[in-house]
Amino acid sequence: MKIWRVMELINWTADYFKKNGIQSARLDAELLLGHILNKSRLQLYMDFDRIVAKEYLARYRELIKKRVERVPIAYLTNHKEFMSLSFYVDESVLIPRPETEVLVETVLKLQSDGSQVLDLGTGSGAIVVTLAKQRADWKFVATDISPEAIAVAKKNAQRYEVAERIIFLQSDLFESFDESMKFDYIVANPPYISSNEIPTLMPEIRDYEPRIAIDGGPTGLNFIDRLVAEAPKFLTENGQLVFEFGYQQDDTVGNLIQSNPQYTDCDIIKDYAGIERVVVARVGSRGG
Ligand SMILES: C[S@@+](CC[C@H](N)C(=O)[O-])C[C@H]1O[C@@H](n2cnc3c(N)ncnc32)[C@H](O)[C@@H]1O
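Residues numbered from 1 in each chain as written. Predicted model: local features only at pLDDT ≥ 70, side-chain atom pairs only at ≥ 80, totals over all residues. Heavy atoms only, no water.

Novice: If you had to explain the nonpolar core to someone new, which residues and values would you point to?
Specialist: Counting 34 residues, the largest nonpolar core has Leu120, Phe174, Ile186, Leu227, Leu241, Phe243 and Ile257 as its most contacted members. Elements with a contribution of two residues or more to this core: strand E3 (116–120), strand E6 (183–188), helix H11 (222–230), strand E7 (235–244), helix H12 (250–258), strand E8 (263–270) and strand E9 (276–283). The dominant element in this core, judged by the number of residues it contributes, is H11, at four residues. Setting aside chain neighbours within four positions, we find Leu120 in contact with Thr143, Leu173, Phe174, Ile186, Val187, Ala188, Asn189, Phe223 and Leu227. (Core = buried A, V, L, I, M, F, W, Y, C linked by side-chain atoms within 4.5 Å. Buried < 20%, exposed > 50% of the residue type's maximum accessible area, 1.4 Å probe, protein only. Helix = DSSP H or I, 4+ residues; strand = E, 2+ residues; numbered from the N terminus. Contact = heavy atoms within 4.5 Å.)

Novice: Got a sec to walk through H12? Specific residues and values, please.
Specialist: For H12, the set of buried residues is Val253, Gly254 and Ile257. Projected down its long axis, H12 carries its buried residues within an arc of 100°, all on one side. Structurally, H12 contributes buried residues whose contacts are with H11, E7, E8 and E9. (Arc of directions from axis to C-beta.)

Novice: Tell me about unusual backbone geometry, and name the residues and values.
Specialist: Unusually for a residue other than glycine, Arg70 sits at a positive phi of about 80°. Position of Arg70 relative to the elements: it lies in the loop between helix H4 (54–68) and helix H5 (73–77). Residue Arg70 is classed as partly exposed on the basis of its relative accessible area, which comes to 21%. For Asn78, which is not a glycine, the phi torsion comes out positive at approximately 55°. Tracing the backbone through its elements, the reader meets Asn78 in the loop between H5 and strand E1 (80–82). Its relative accessible area of 29% is what places Asn78 among the partly exposed residues.

Novice: Outline the pattern of salt bridges, supporting the account with residue identities and numerical values.
Specialist: Any two side chains of opposite charge can pair, so long as their charged atoms come close to each other. Using the criterion set out here, one finds 16 salt bridges in the structure. Note that Glu8 is salt-bridged to Lys2, the shortest N-O span being 2.6 Å. Look at Glu8 and you get partly exposed, because its relative accessible area is 33%. Accessibility expressed as a relative area gives 45% for Lys2, which makes it partly exposed. Note that Arg226 and Asp172 form a salt bridge whose closest N and O atoms lie 3.0 Å from each other. (Salt bridge = Lys/Arg side-chain N within 4 Å of Asp/Glu carboxyl O.)

Novice: Just give me the short version of the site of the ligand, but keep the residues and values in it.
Specialist: In the neighbourhood of the ligand, 19 residues make up the surrounding shell, with Gly121, Asp144, Asp172, Leu173 and Asn189 lying closest. Between the ligand and Asp172 there is a distance of 2.8 Å, counted from a nitrogen atom to a side-chain nitrogen or oxygen. One nitrogen or oxygen atom from the main chain of Leu173 is found 2.9 Å from a nitrogen atom belonging to the ligand. Taken by itself the ligand offers 590 Å² of open surface, and the protein chains cover 95% of this. The class makeup of the residues in the shell around the ligand is 10 nonpolar, six polar and three charged. (Near = heavy atom within 4 Å. Polar contact = N/O pair within 3.5 Å; in protein donor to acceptor, adjacent residues only side chain to side chain. Areas by Shrake-Rupley, 256 points an atom, 1.4 Å probe, with all protein chains shown as cover. Nonpolar A, V, L, I, M, F, W, Y, C, P; charged D, E, K, R; others polar.)

Novice: Mind laying out the side chain of Asn189, listing which residues take part and the relevant values?
Specialist: Here Asn189 lies in the loop between E6 and helix H9 (203–206). With a relative accessible area of 16%, Asn189 lands in the buried category. A distance of 3.4 Å separates polar atoms of two side chains, one belonging to Asn189 and the other to Thr100. Apart from the residues lying within four places of it in its own chain, the contact partners of Asn189 are Leu94, Thr100, Leu103, Leu120, Ile127 and Glu244.

Novice: Talk me through the environment of Val104; I want residue IDs and the actual numbers.
Specialist: If you trace the backbone, Val104 turns up in helix H6 (residues 99–109). Along the primary structure Val104 and Arg206 are separated by 102 residues, whereas in three dimensions their C-alpha atoms are 25 Å apart. If we skip the residues at most four places from it in the chain, Val104 touches Phe82, Met83, Ile127, Thr130 and Leu131.

Novice: So what about the packing of helix H1 (residues 6–19) against helix H2 (residues 25–37)? Which residues, and what values?
Specialist: A pair of packed helices is captured by two measures, namely the crossing angle of their axes and the spacing between those axes. Two elements in contact, H1 and H2, have axes separated by 8 Å at closest approach and are oriented at 135°. With respect to each other, H1 and H2 are oriented oblique. Relative to H2, H1 is oriented so that their crossing is right-handed. In this structure, H1 contributes Val6, Met7, Leu9, Ile10, Asn11, Thr13, Ala14, Phe17 and Lys18 to the contact, and H2 contributes Ala25, Arg26, Asp28, Ala29, Glu30, Leu32, Leu33 and Leu37. For the contact of H1 with H2, a count of residues per class yields 11 nonpolar, two polar and four charged. (Axes fitted to C-alpha atoms, helices over the stretch in contact; angles between N-to-C directions. Parallel < 35°, antiparallel > 145°, perpendicular 65-115°, else oblique. Left-handed = near helix turned anticlockwise from the far one by under 90°.)

Novice: Quick one: what's the story with the packing of aromatic side chains, residue by residue and with numbers?
Specialist: Taken as a whole and assessed by the stated rule, the structure comprises 10 aromatic pairs. Aromatic pair Phe174 and Phe234: ring centres 4.5 Å apart, planes at 5°, arrangement stacked. With Phe174 in the loop between strand E5 (166–170) and E6 and Phe234 in the loop between H11 and E7, this residue pair connects regions lying 60 residues apart in the sequence. With a relative accessible area of 3%, Phe174 lands in the buried category. Residue classification places Phe234 among the buried positions, given a relative accessible area of 3%. Taken together, a centroid distance of 5.8 Å and an interplanar angle of 70° make the contact between Phe177 and Phe234 edge-to-face. (Phe/Tyr/Trp six-rings, centres within 6.5 Å; stacked < 30°, edge-to-face > 60°.)

Here you go:
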């Protein structure tokens, strides 16, 4: 039986991934082997000549097969980094995206002390857990329609010891809320891709990420329409709604907010690629 050493195995796998149309072939080969051997990429390079034991080879082979079937790396390693924190992820949650870091940074720049924050559609808990880590005096409610997602978010909250400041609630948007519940900030990264665009997405997203996390209905705006209409009832005076939206949805989202008299102003924030990505909308009486 052939003996495989670390670097030779990575080279073979990267080549195999490339032939199978995986774009980040070498990186993926390294990440998967690092996951199996519990080593960083740097450690792999330092151990380049080390023999890989048979049982690790068998596990690596399984992951290679799944990656070629286009299962995303984050689901194979159960890990995704977001705002320098390590989140547990599996196929019940969206893999947190770098664009969403802009949403979190926007919220962190808002002025408030002792804020009550609602994270709607929390998924892995990436947003709420990061905010809770950064703001020890804030209190949070995190919701999702998916009980499996709530379980993942709780796990991440426990990992970072912020679970006692977050109430988790399964709810279809605000359906399980009563109007006495008021928040200083309501934040969300909603599903915003239109249904007919979904078949055109990369297989990693189309075939593996939860449909409910990405599909925003025929126009992509199902969740956003409801969110903009219903959020004011649950915001404190001068409370703010902050949410992410999709590519070129900025005009539609801006018009939606400006045509609703409950909002006084709205700012659109760009992501690192210069694309309009996040809206901050304030409630209150216009001109008052
Ligand atoms: C785009 S993902 C965002 C996940 C996470 N907040 C993040 O930024 O990585 C949208 C989330 O909204 C949830 N969701 C979809 N429809 C919902 C609804 N009607 N009410 C509550 N949550 C919903 C999905 O289950 C999913 O977790």
